[in-house]
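Descriptive analysis of the structure
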Amino acid sequence: MAQDTGTVTQAGGYKRIVYVISMVAALGGLLFGLDQGFIANSLAALTEHYKFGVQGGESYSAILATGGIVGALLSGIFARFLGRKKSLVLAGFIFTAASGYSALLPPLAILSACRFALGFAVGIASFIVPLYLSETAPAKIRGSMGTLFQLMITIGIFLIALSNVFIARTFTTPATSLPLMFLTVTLFAALMFAGAFMLPESPRWLMLKGRKERAIAVLRKTLNTQQEIDTEIGEIEEALHGPKGAGVGIVFRGYFFRVLVVGVLLQMFQQLVGINMMIYYSPTIFGYAGMTGLVAMMTVPTVNMLFTFPAIRLVEKWGRKKLLYVGAVSMLITMLAAGLAFQSIGVASDPAAIGGLPKAVLLVSVIVYIFGFAVSWGPVVWLVCSEVFPLEGREVGMTITTMVNWTFAGLVMANALSFMGVHGNASIFYVFAGFCVLAIAFVALFVPETKGITLEEMEINLKNGVRLRDLGNRASS
Ligand code: BGC
């Protein structure tokens, strides 16, 4: 095996292929972020070039979510029948083709079809990347790999904001700026596509398909000693002989249904607190308050990225529920403050004449709001959804909850701006504040603390009929 470059052990103790695995996985998260964050600073150019109104812009933005729902629905099937590696190659290809074709600025219907395809690829990647990592990355770095994916989403949102702002300021005609914006995404997509070819297939999937020899060959590439390989193979065999992944019928089993409701509502609230109104439309909303400079364009993506870093440590230190409370309360207060700021502005005929105070209140509110989300509901909801389902229903549970996330994300993207148009700029902030209140009550009554308990213990509690919010308590037996 020494002649294979993939087997060279690096100074840090991991083989080169492990770095390739981490990089491609990171690119999967990055592309999620690039596509999610694309709209904020391209919407003005898109609106000018395609001559669509507010609703046209919302529809184009939201179709990513529709693609995400379909991608998430089918990703389990791809993962099982095509394998993890080929599914990632497929996602990389769709990312590259759809963003590359968008750069040609085709008619709106085709541009929208490309954005649907991008959403489809995001849906696949967001399911397969964490799955692939959990099956392929060496045990010691699996935890940090999982959080790396989350972090990459926010880095992607930040990077595309930065590059879109730079492009829009350098090239003021949309016919020039838009292709460059799409080509930036294409560049990273092509890297992921090429990188995915170099990945080894997941040893767990190979074993599932009865290809033990190939699974061992992959483990020789990623692990260092024969003992590690034997242990891993033993664990996989044990898991394969354990309970098989259940079909969708599992949702009708009482214990599973209870925990599914927790996952579904967590994902629903993650979106109904309004995060994607900010991620997608913050430059537009700041514009309504007469703020148009760099601050309006870069505040949300920068704060969002910066506060995801501490979240990774806090989630283990403080626990999930405390963070959810801190986040929801921060978002509640700041949504009310932003609503009041817009109410005091009223219907401004000249945004440039708006006073300094409401602008300052709005800016501080948005910063604290994004802090509140990034440090809590952003990473914690995905984490809890990956922890609460019993093993046999984990795939079904995560597929359903991911689809719920995209459904409500789409609802917000498709309606936030027109809602402001119809009911007044302040109204939407009060609606989201209302959902923050419901989210706090929901966390208090139903969400378990999953810190410091093994997934197996939680499963025993669940099947013993323990109250949902007590699922994370140590079983007394
Ligand atoms: C959410 C996305 C959101 C992103 C912002 C994720 O956890 O699911 O909808 O755009 O966080 O960082």
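Residues numbered from 1 in each chain as written. Predicted model: local features only at pLDDT ≥ 70, side-chain atom pairs only at ≥ 80, totals over all residues. Heavy atoms only, no water.

All right, on to the overall build of the protein then. Looking only at helices and strands, the protein features 19 helices and zero strands. Against the 2.2 N^0.38 benchmark of 23 Å for 477 residues, the protein shows a C-alpha radius of gyration of 23 Å, consistent with a compact globule. Projected onto its principal axes, the C-alpha coordinates of the protein cover approximately 70 × 55 × 40 Å. The long-range fraction of contacts in the protein, counting pairs at least 24 apart against all pairs at least 6 apart in sequence, stands at 81%. Within the structure as shown, the protein displays about 19,600 Å² of accessible surface, and the carbon and sulfur contribution to it stands at 69%. In the protein, 33 positive and 23 negative side-chain charges are present, and the distance between their average locations comes to 2 Å. (Helix = DSSP H or I, 4+ residues; strand = E, 2+ residues; numbered from the N terminus. Rg over C-alpha atoms; globule rule 2.2 N^0.38 Å. Contact = heavy atoms within 4.5 Å. Areas by Shrake-Rupley, 256 points an atom, 1.4 Å probe, with all protein chains shown as cover. Lys, Arg positive; Asp, Glu negative; His and termini not counted. Charge placed at Lys NZ, Arg CZ, Asp CG, Glu CD.)

Our next topic: the packing of aromatic side chains. This model, assessed by the stated rule, comprises twelve aromatic pairs. Each ring, one from Phe342 and one from Phe429, has its centre 5.4 Å from the other, and the planes form 20°; the classification is stacked. With Phe342 in helix H15 (residues 320-345) and Phe429 in helix H18 (residues 427-446), this residue pair connects regions lying 87 residues apart in the sequence. Given the relative accessible area of 3%, Phe342 is considered buried. A relative accessible area of 0% places Phe429 in the buried class. Aromatic pair Phe442 and Phe446: ring centres 6.2 Å apart, planes at 40°, arrangement tilted. (Phe/Tyr/Trp six-rings, centres within 6.5 Å; stacked < 30°, edge-to-face > 60°. Buried < 20%, exposed > 50% of the residue type's maximum accessible area, 1.4 Å probe, protein only.)

This part is about the packing of helix H13 (residues 294-306) against helix H14 (residues 308-317). Where H13 contacts H14, the axes come no closer than 4 Å and their chain directions differ by 30°. It follows from the interaxial angle that H13 and H14 lie roughly parallel. Residue-level inspection shows Asn304, Met305 and Leu306 of H13 in contact with H14, the latter providing Thr308, Phe309 and Pro310. When its residues are assigned to classes, the contact of H13 with H14 shows four nonpolar, two polar and no charged. (Axes fitted to C-alpha atoms, helices over the stretch in contact; angles between N-to-C directions. Parallel < 35°, antiparallel > 145°, perpendicular 65-115°, else oblique. Nonpolar A, V, L, I, M, F, W, Y, C, P; charged D, E, K, R; others polar.)

With that settled, the discussion passes to the nonpolar core. Core analysis: the largest hydrophobic core is formed by 146 residues, its most contacted members being Phe95, Trp377 and Phe429. In terms of residue count, helix H5 (residues 108-136) provides more of this core than any other element does, 14 residues in total. Here Phe95 is in contact with Leu31, Asp35, Leu118, Ala121, Val122, Ala125, Ala189 and Met192, once residues within four sequence places are set aside. Leu206, Ile216, Ile229 and Ile236 belong to the second-largest nonpolar core, a separate cluster that totals eleven residues. (Core = buried A, V, L, I, M, F, W, Y, C linked by side-chain atoms within 4.5 Å.)

This paragraph deals with the pattern of salt bridges. Close approach of charged atoms allows side chains of opposite charge to pair. Under the defined criterion, the tally for this structure stands at nine salt bridges. Residues Arg320 and Glu316 are paired through a salt bridge, measuring 3.6 Å at the closest nitrogen-oxygen approach. On the basis of relative accessible area, Arg320 is assigned to the buried category, the value being 3%. Glu459 is paired through a salt bridge with Lys463; the nearest N and O atoms lie 3.3 Å apart. Of this pair, Glu459 and Lys463 both sit in helix H19 (residues 455-463), four residues apart, which is roughly one turn of that helix. For Glu459, a relative accessible area of 18% corresponds to the buried category. Via salt bridges that share partners, Glu316, Arg320 and Glu387 belong to a single interconnected network. (Salt bridge = Lys/Arg side-chain N within 4 Å of Asp/Glu carboxyl O.)

So, on to the site of the ligand. If you check the shell around the ligand, you find Gln36, Thr154, Ile157, Gln270, Gln271, Asn276, Ile279, Asn304, Phe373, Gly378, Trp382 and Asn405 and nothing else. Between the ligand and Asn276, the relevant distance is 2.8 Å, taken from an oxygen atom to a side-chain nitrogen or oxygen of the residue. Between Trp382 and the ligand, the recorded distance is 3.0 Å, taken from a side-chain N or O atom to an oxygen atom. Contact with the protein chains removes 97% of the 310 Å² of surface that the ligand exposes when unbound. Put simply, the parts of the chain that give the shell around the ligand at least two residues each are helix H6 (139-170), helix H11 (254-272), helix H12 (275-288) and helix H16 (356-387). (Near = heavy atom within 4 Å. Polar contact = N/O pair within 3.5 Å; in protein donor to acceptor, adjacent residues only side chain to side chain.)

Our focus in this paragraph is a nonpolar patch on the surface. On the surface, Tyr101, Leu104 and Ile110 cluster together into a nonpolar patch covering about 300 Å² of accessible area. Among the secondary structure elements, Tyr101 is positioned in helix H4 (residues 84-102). Classification of Tyr101 by relative accessible area gives partly exposed; the value is 40%. (Patch = residues over 30% accessible without salt bridge, like charges linked within 9 Å, V, L, I, M, F, W, Y side chains within 5 Å.)

Let's shift gears to the confidence of the model for the protein. In this model, the protein carries a mean pLDDT of 89, and residues with pLDDT of at least 70 account for 94%. With pLDDT under 50 throughout, residues 1-11 is counted as low confidence; its partners more than four residues away or in other chains account for 20 contacts. (pLDDT = per-residue confidence, 0-100.)

For H18, built from 20 residues, the straight-helix expectation of 28 Å at 1.5 Å per residue is met to within 8% by its first-to-last C-alpha distance of 29 Å. Within the span of H18, buried status applies to Ser427, Ile428, Phe429, Phe432, Ala433, Cys436, Ala439, Ile440, Phe442 and Val443. (Expected span 1.5 Å × (residues − 1).)

What follows concerns the side chain of Ser365. Along the chain, Ser365 turns up in helix H16. By relative accessible area, which is 5% here, Ser365 ends up buried.

We note that Lys51 has phi near 50°; this positive angle belongs to a residue other than glycine. Topologically, Lys51 is positioned in the loop between helix H2 (43-50) and helix H3 (54-81). For Lys51, a relative accessible area of 69% corresponds to the exposed category. Phi at Leu105 takes a positive value of approximately 50°, unusual for a residue other than glycine. Relative to the helices and strands, Leu105 is located in the loop between H4 and H5.

Along the chain, the position of Thr96 falls in helix H4. Beyond its immediate stretch of four places on either side in the chain, Thr96 contacts Thr186, Ala189, Ala190 and Phe193.

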